[in-house]
Amino acid sequence: MNPCPKVITGHLHQQNKGAFDWGFQGFLAYGCQCYTVIVDPKSLQVIQTVGPQNGFVNYVRWAEEDYHHMFATGSTYTLHVASADTSGTVVIWDVALGRARTVLEDEQSHALILGMEWQKGHTDSHDLLFLLRSPDTLELWDAFSGTRLWQKTFPLNILAFDIDPFDMERLVCLCEAPRVLVCTDVSVIKSPGDSYRSIRLADPNPTVTPSGSERRTSGSSMQRLAARSTSSLSKMASLATNILNVPDPLKRRSSALSDDDSDVMTSCVQVVFSPAHQHLVLLVFPSEIQTLDIEVDIVVSAIRLDKNAALFLKCIPCQNVDVLFCLHDNGSVSLRVKRDRIGSPEHADLFDLTYEPRCHSDSLRLLRHCKVYGFTCQPATERQVSLLLSDGRIILIDVMATDFTISGDSLLPSKITTSLADAIGGRQVMANSINCIQTENKITLGMVMSGLVSGLVSPVTALAMIRSRTVTQRVNELLAVGSDQGTVQLLNVYTGQVVSEYKLFAAPVRGIEVISELHLLAFSYPDPSSYGNRKVRSDIAILNMKSGRSDFLSINKDNRGAIEMARISPARLHLVILYKERTLELWNLRTQQLISDDVIDAELKPTLVTWYNQATTTSSKRTVVDDRGVSREVEERAVLEQLFVASIKPDNSPSLVRFNVSKGATEKPPAIFDLYNMFPMENKLEIQQLIWQGNRLMISFRAGQMYTIDGKTMKSVRSKAIERRGSEVQSIQFAPGHSCSRFILQYKDCFHICELNKDTLICEVLVASPQMSSDLVSVCWAGPDSVAVATEDGCIHLLEVLQKTPKSPAIFDNSEKDDFVHVKTPPVLSKSTSSVAKWNLSDVFSPALMEPKLASLLKFSLQTNIEPFNQDLEKYIVILDRDVVQYIRHPNTRIADRCIEVARLFGDEFDTEFWKLVKFVCLRRTPEVGKLNTDVGGNQSSLGSDEITSIGDMDISFLREKDNCLISAFGDAMPADDFKTYATSKLALHNKRRSDMRVKEICSRRYILLNKVDMAVSVLMETDMDHDRFKNDCLKACLTSCVVQTNTSMSTIKLAATHLIAAGQLYDGIELLCLIDMRMDACKYLISHGKWSDAIWLAKTSLNQQERTLVIKRWAEQLLNTNRMNKALSLLLLEGQYTACLKVLCQQRYYDTAALFLQTLAQHGLLDENHESGQIYQEFSKLLAVTGYKSAVERYSQMGKTSGENSLVDVS
């Protein structure tokens, strides 16, 4: 059986740094050389490798999954990843099919891609991709059609950008100068205007560029790489030039702090929005992390490192829990948790953004050839981070929580902690466990390594296939890979995983020979020095792959130099070693003793050795006398093996000599073949390759001539069809099996698959070699119809002889074409195509790798938990986490909890976010405990007991569950009470840190909107007398403090506010309206001017519930009209507008989500079922009928009451 075609990658290129991403469906993607590698972190398997691309892959991003998935509507699960290379081309890959879906290429510009982000939250299009091209161009592409929608060029060089997760119309750009650009008018139909804001950064370590020197551009990564590799003399000269140009450090600092930053470059390495707090941007510097509030353009907090601490490289903020994952330059990862103000009433009203370290991982041993090239976090659970090293290894680190709370027994299912938010659970995270023992609401966190994906040690120098004697033992199909580092790795060609690794030599491995299924022979020698004695010392090791023990042969007693080749006899009894100094040695493999070092005459110079591929066993009898003097006959068996040596005579003519080796000795005189009569035209050429297959000998000469000799008749036939004039044959390898006639003909730049006709002795080329991404190093057979090819870029390509590209689809596709260059396709090759299986992935689950109908059936069966289940799903369920499946199928698990876990299993971002909000609303808005007491046995029962889980027909187990959601992550959609508390504390922080007039105006305005007159007057009266607004602020302070709400004053102020708004002074008019408590009118004016954020802020902080609901509904309608359904659902759901949510879901034909949502509301007593509810259940039953889920169809048809009872859906 053949392994699946694939590419097994090795070390990374310098340009691959940063090309690392973790998708919501749970798979890792990273760039290696010109390929994009897909890894499953659960099973630690490489599931796909796509490419090659035109350049080195320098950026990868998984496509977003924040849309509803449904088989019936065509929105099925997919695995799409965007990969950008150094040529400026972006390829959208379909991972399941293993081929390119779309290519985004600008024919006029091939500038380097510096950043790439998918736009989230758009209802109609899920394929909008932002690209940042060097040095200053931002583009928006439709990745489905490959069309560029718009292009924007900035006046400053841009290093990176990020999109606001709360507002799809806002993004920030990090400039090369210490500035950040904030764009607030990003849309699909047109490019951003020039109304962006420029915020100057307080860079702790700015770099001053000397005048007249060449400034760094954002696309100069290759230049920076060249600068690091310059000589010490050039570095010293550059340092001296900088010192002379900038002699005074004070001048350098003053220049960095001046308004003119044309000669200043920022040291900021990352800019990223905080998904936990709206309007907050994290600026990562090597020595500190600053939190910038772009609402007021000030830094509200900073994380500063100690002098001797490891520097920051990257920061990943979490969404569901307020923590930061920080990568340091020593390879360690630290976790910082936002400080809890519990126990500090004096600071309770202050918005605190202090992040304290709570745990960190061990630092890595980073060497010159091993650096951290990537850092990412699991987006669905946020409980696992991953590091990508330059040698191809992937390290997985888990966050473990230790809870010291003593809890009693409960009839409820044990809550699983699949995410970091579940693990923390609203409890206080302590730095150590000293104060946590037997206390409630306190936990400690720790980081442990949970997995390691090993890559190939590159560059690869040798290959050898280890085969099993039985065809069924596929697990023994291992590939031995030798590297330039002196290591030998065992690679499973079916899974692509490194099984084991052995460090044998300090020099590169030059060759590997297989002795048996458990033993390997490898030899090595270092590169000769460029001067002096160029002789080197060689080493030969015999490796036991089971125990890991290696035995070295005692060679080089006379320092014979480098080994040209080592060949093992077919009986595995003898070893012949050919040195480059043209000497031979014959060894006994069993005793590891030298037999002879003068096998051939001294006048002959051996150039090539090979063994006859069959050994002959002879037996003889002799008389033996034992110690008692009794004689008896003993049968002795001897193995006769034939060694063929190609050599050069003193007259430079080729010679072929045969030796018979038996009983540890060579029989003399040897047999000498007359090559002059056999090859009269090539009698002066050196034999290049020599190999036996059965009783036929294949010989190739240095000029490329190929001959086949019949061992019985010694007749030779020339195969001109496979000859390449002037190309030396590097190796000839026959396919496994003594009777196989196919062989690999390897040249320096290519290889051919050929076939030998046993009757005519003529060889023909079957398929030509494909175009590889790099030069060939070694080729060997990996199966009856597949080959393994090692290239100079450190990759191993597993190719099927009928397929040109080394990729294999994970799902069956009839459109897969054969791209291999065929010269001839014999019947034996045509029949063997059925043995080439697609990816056989064990313990890998993804709905995108399943048949869409079956994936929907599995999802519905887990969400509804209605028995009996389809037996076809059991093979997929056994792959899933056993604890998660047990929790999902527990009868007391609520629908919202069940749907959240199912969404995480399926990698469904839309369902995860929706059901997280549903659970939060159900916990917040459920009727109070006192109103749900019922009479059990004549007495009023208290709900404090763990044994009571229901009252009447209502499940009340949720009343004891804690609220684990991060309220601030809801942004504008958070509940009104929480929003007002959050906005008030944040306003106090702004007022405390205000430094310019713009922030002062914002603070005074919002204090007026909140009706905090004293604070507003205090802010207004602090205006400097020299400022232009001193008089206006004093008059506004007097008006604010002296407003008397009479009919005349209210009419006058309202008229003045109307005139101000009409004159373009919107916010001045709004302030006047709020002074006379006409806040609803103020909201209407804000809405009419498109200031939705300000209108929502005013509504949630000042209006009553009825008025607030009207404003929120109008905003939800606006969001729906602008294709932002996800945010509209969040607003309506958190405001308690459940009927409006159901209406939106039904309009979008999300009947499965609507039915389960309706059932959840009824379960928690938040909404009564009616006739419309029956229609929703009936529509859901129709979707279930498509998948064949009969038991669920009957259940939901019956729940449809009047509309569903009389017309059950036919599922036959």
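For clarity, every value in this text was computed on a predicted model and none was experimentally measured.

(A) Layout of the overall build of the chain. The secondary structure content of the chain amounts to 26 helices and 64 strands. Within the chain, the fraction of its 1212 residues that count as buried is 54%. Nonlocal contacts in the chain, meaning residues at least 24 apart in sequence, comprise 54% of its contacts between residues at least 6 apart. For the chain, the exposed surface amounts to about 53700 Å²; the carbon and sulfur share of it is 48%.

(B) Inspection of the packing of aromatic side chains at higher detail. In this structure the tally under the stated criterion is 20 aromatic pairs. The interplanar angle of 50° and the centroid separation of 5.8 Å between the aromatic rings of Tyr 77 and Phe 906 together place this pair among those described as tilted. With a gap of 829 residues between them, Tyr 77 in the loop between strand S6 (57-62) and strand S7 (80-85) and Phe 906 in helix H10 (residues 895-906) connect regions that are remote in the sequence. Residue Tyr 77 is classed as buried on the basis of its relative accessible area, which comes to 12%. The exposure class assigned to Phe 906 is buried, which follows from its relative accessible area of 1%. Consider the rings of Phe 914 and Trp 915, whose centres lie 5.3 Å apart with planes at 80°: the pair is edge-to-face. The class for Phe 914 is buried, based on a relative accessible area of 4%. Members of the aromatic cluster, connected to one another through ring pairs, are Phe 910, Phe 914, Trp 915, Tyr 1138, Tyr 1150 and Phe 1157. Lying across the ring of Phe 154, Lys 152 places its NZ or CZ 5.9 Å from the centre.

(C) Looking closely at helix H14 (residues 1013-1020). Looking only at H14, the buried set comprises Ala 1016, Val 1017, Val 1019 and Leu 1020. Taken down its axis, H14 places every buried residue within 160° of arc, on the same side. Looking at the buried side of H14, the elements it contacts are helix H12 (976-993), helix H13 (997-1009) and helix H15 (1030-1041).

(D) Quick look at the pattern of salt bridges. The tally for this structure, following the rule as stated, stands at 46 salt bridges. The partner of Asp 352 in a salt bridge is Arg 339, and the shortest N-O contact between them spans 3.9 Å. Residue Asp 352 is found in the loop between strand S26 (333-338) and strand S27 (355-360), and its partner Arg 339 is found in the loop between S26 and S27; the two are separated by 13 residues along the sequence. The salt bridge involving Lys 1182 is made with Glu 1179; its shortest N-O contact spans 3.7 Å. One end of the pair is Lys 1182 and the other is Glu 1179, both in helix H24 (residues 1171-1187) and 3 residues apart, which spans about a single turn. Residues participating in the shared-partner salt-bridge network are Asp 293, Glu 295, Lys 986, Arg 1006 and Asp 1094.

(E) Representation of the pairing of strand S3 (residues 28-32) in the model. With 5 of 5 residues buried, S3 is to be regarded as a mostly interior element. Neither face of S3 is left uncovered, since the one carrying Leu 28, Tyr 30 and Cys 32 and the one carrying Ala 29 and Gly 31 both have all their residues buried. Bridge analysis of strand S2 (residues 20-22) against S3 gives 3 bridges, and the strand direction is antiparallel. Residue pairing for S3: Trp 22 is matched across the bridge by Leu 28. Hairpin connection between S2 and S3: a loop of 5 residues separates the two successive antiparallel strands, and Gly 26 in this loop has a positive phi of roughly 100°. In the sheet, S3 pairs with strand S4 (residues 35-40) via 5 bridges, with the strands oriented antiparallel. The partner of Cys 32 across the bridge, within S4, is Tyr 35.

(F) Structural context of the nonpolar core. Core analysis: the largest hydrophobic core is formed by 146 residues, its most contacted members being Leu 858, Trp 915, Leu 1133 and Phe 1157. Considering each element in turn, this core owes the most residues, 8 residues, to helix H11 (residues 909-925). Formed by 29 residues, the second largest nonpolar core is a distinct cluster that contains Val 609, Trp 611, Phe 659 and Trp 692.

(G) Spatial organisation of the packing of H10 against helix H23 (residues 1151-1163). Axis separation between H10 and H23 bottoms out at 9 Å; the angle between their running directions is 145°. Every residue of H23 that contacts H10 at Ile 895, Ala 896 and Cys 899 is listed here: Leu 1156, Gln 1159, Thr 1160 and Gln 1163. Among the residues making up the contact of H10 with H23, the classes are represented as 4 nonpolar, 3 polar and no charged.

(H) Looking closely at the sheet that holds strand S59 (residues 786-791). Sheet architecture is open: 4 strands sit in the order S1-S60-S59-S58, paired in antiparallel fashion. The sheet terminates laterally at strand S1 (6-8) and strand S58 (776-783), the two strands that pair on one side only. Neighbour-to-neighbour, the strand axes of this sheet turn through a mean angle of 20°, independent of strand direction. As paired strands, S1 and strand S60 (residues 796-800) are joined by 3 bridges and run antiparallel to one another. Across the sheet, residue Lys 6 finds its bridge partner in S60, namely Leu 798.

(I) Quick look at H15. Its 12 residues place the ends of H15 17 Å apart at the C-alpha level, agreeing with the 16 Å of an ideal helix rising 1.5 Å per residue. Where H15 is buried, its residues contact H13, H14 and helix H17 (1066-1075).

(J) Structural context of the environment of Arg 336. Looking at where Arg 336 falls in the secondary structure, it is placed in strand S26. Arg 336 sits in the buried class, given a relative accessible area of 10%. Residues Arg 336 and Val 323, spaced 13 residues apart in sequence, show a C-alpha to C-alpha distance of 5.5 Å. Beyond its immediate sequence surroundings of up to four residues, Arg 336 is in contact with Ile 303, Leu 305, Phe 312, Asp 322, Val 323, Leu 324, Cys 326, Tyr 355, Glu 356 and Pro 357. For Arg 336, the side chain forms a polar contact with the main-chain oxygen of Tyr 355, separated by 3.5 Å.

(K) How the structure looks around the confidence of the model for the chain. In the predicted model, the chain carries a mean pLDDT of 81, and 82% of its residues have values of at least 70. Confidence drops under pLDDT 50 across residues 243-258; counting only partners more than four residues distant or on other chains, this segment forms 13 contacts. In this model residues 342-348 is a low-confidence stretch, pLDDT under 50, and it forms 1 contact with partners more than four residues away in sequence or in other chains.

(L) Representation of the sheet that holds strand S57 (residues 763-767) within the structure. Reading across the sheet, the 4 strands line up as S54-S55-S56-S57 and stay open at both edges, with antiparallel pairing between neighbours. The outermost strands of the open sheet, each flanked by one partner alone, are strand S54 (731-734) and S57. Here the average twist between neighbouring strands, direction ignored, is 35°.

(M) The arrangement of unusual backbone geometry in detail. Along the chain, Ser 134 connects to Pro 135 via a cis peptide bond; the corresponding omega equals 0°. Inspection of the secondary structure assignment puts Pro 135 in the loop between strand S11 (128-133) and strand S12 (137-142). Across the junction of Ser 458 and Pro 459, the peptide omega takes the value -5°, indicating a cis bond. Secondary-structure assignment places Pro 459 in the loop between strand S32 (442-453) and strand S33 (460-466). Here Asp 297, not a glycine, exhibits a phi torsion of approximately 60°, which is positive. Unlike most non-glycine residues, Arg 572 shows phi in positive territory, near 60°. Within the secondary structure, Arg 572 is located in the loop between strand S41 (563-568) and strand S42 (574-579).

(N) Inspection of the pairing of strand S22 (residues 288-293) at higher detail. Most of S22 sits out of view: 6 of its 6 residues are buried. Burial of the side chains of S22 extends over both faces: Glu 288, Gln 290 and Leu 292 are buried on one face and Ile 289, Thr 291 and Asp 293 on the other. Once strand S21 (residues 280-284) ends, the chain turns through 3 residues before running back antiparallel as S22. Here 6 bridges tie S22 to strand S23 (residues 298-304), and the two strands are oriented antiparallel to one another. Each bridged residue has a counterpart across the sheet, and for Leu 292 the counterpart in S23 is Val 299. Turn length for the S22-S23 hairpin, with the two strands adjacent in sequence and antiparallel, is 4 residues, and the turn residue Asp 297 shows positive phi of about 60°.

(O) Representation of the side chain of Thr 1153 in the model. Its place among the elements puts Thr 1153 in helix H23. For Thr 1153, a relative accessible area of 4% gives the class buried.

(P) Spotlight on the side chain of Thr 376. If you trace the backbone, Thr 376 turns up in strand S28 (residues 372-377). At 3.5 Å, the side chain of Thr 376 forms a polar contact with the backbone nitrogen of Trp 22. If near-sequence neighbours (up to four positions away) are discounted, Thr 376 is found in contact with Phe 20, Asp 21, Trp 22, Leu 28, Ile 316, Val 385 and Ser 386.

(Q) Inspection of the environment of Leu 104 at higher detail. Note on placement: Leu 104 falls in strand S9 (residues 99-104). Distance from Leu 104 to Gly 146, taken between C-alpha atoms, is 5.5 Å for residues 42 residues apart in sequence.

(R) Spotlight on the packing of helix H19 (residues 1092-1102) against helix H20 (residues 1105-1121). Where H19 contacts H20, the axes come no closer than 9 Å and their chain directions differ by 155°. On the basis of the axis angle, H19 is roughly antiparallel to H20. Here the hand of the crossing between H19 and H20 comes out left-handed. Facing Trp 1092, Ala 1095, Ile 1096, Ala 1099 and Lys 1100 of H19, the residues of H20 in contact are Arg 1108, Val 1111, Ile 1112, Arg 1114, Trp 1115 and Gln 1118. Across the contact of H19 with H20, the residue classes break down as 7 nonpolar, 1 polar and 3 charged.

Definitions and cut-offs
Per chain, residues are indexed from 1 in the order of the written sequence. Given that the model is predicted, a residue must reach a pLDDT of at least 70 before its local features are reported, and side-chain atom pairs must reach 80 or more before they are shown or counted; all residues, however, enter totals for whole chains, interfaces and linings. As a rule here, side-chain values come from all non-hydrogen atoms in the structure, and water together with hydrogens is ignored. We count a stretch as a helix when DSSP gives it H or I for four or more residues in a row; a strand needs E for two or more, and each element gets its number in order from the N terminus. Only protein chains enter the accessibility calculation, which uses a 1.4 Å probe. A residue is then buried if its area is under 20% of the maximum for its type, exposed if over 50%, and partly exposed in between. The contact criterion used is simple: two residues touch if any of their non-hydrogen atoms lie within 4.5 Å. Surface accessibility follows the Shrake-Rupley procedure with a 1.4 Å probe radius. Residue values consider only the protein chains on display as shielding. Only Phe, Tyr and Trp rings take part, Trp by its six-membered ring, and two of them pair if their centres are within 6.5 Å. Stacked means planes under 30 degrees apart, edge-to-face means over 60, and tilted covers everything else. We call a charge positioned over a ring when the NZ of a Lys or the CZ of an Arg lies within 6 Å of the ring centre and within 35 degrees of the ring normal. The directions considered for the arc run from the helix axis to the C-beta atoms. Each reported salt bridge corresponds to a side-chain nitrogen of Lys or Arg within 4 Å of a carboxyl oxygen of Asp or Glu. Pairing between two strands is assigned when DSSP locates at least 2 bridges connecting them. Definition of nonpolar core: a set of buried residues of the types Ala, Val, Leu, Ile, Met, Phe, Trp, Tyr and Cys, connected through side-chain atoms within 4.5 Å. Axes here mean lines fitted to C-alpha atoms, for a helix over just the part in contact, with angles spanning 0 to 180 degrees between N-to-C directions. Residues were grouped as follows: Ala, Val, Leu, Ile, Met, Phe, Trp, Tyr, Cys and Pro as nonpolar; Asp, Glu, Lys and Arg as charged; and all remaining residues, including Gly, as polar. Expected span of a helix: the number of residues minus one, times 1.5 Å. In the analysis that follows, any N or O atom pair within 3.5 Å is treated as a polar contact, provided that within protein one partner can donate a hydrogen and the other can accept it, and provided that, for residues neighboring in sequence, both atoms belong to side chains. Predictor confidence is given residue by residue as pLDDT, running from a minimum of 0 to a maximum of 100. These descriptions rest on fixed angle ranges, namely under 35 degrees for roughly parallel, over 145 for roughly antiparallel, 65 to 115 for roughly perpendicular, and the rest for oblique. Crossing chirality is assigned from the near helix's rotation relative to the far helix, an anticlockwise turn below a right angle marking it left-handed and a clockwise turn marking it right-handed.

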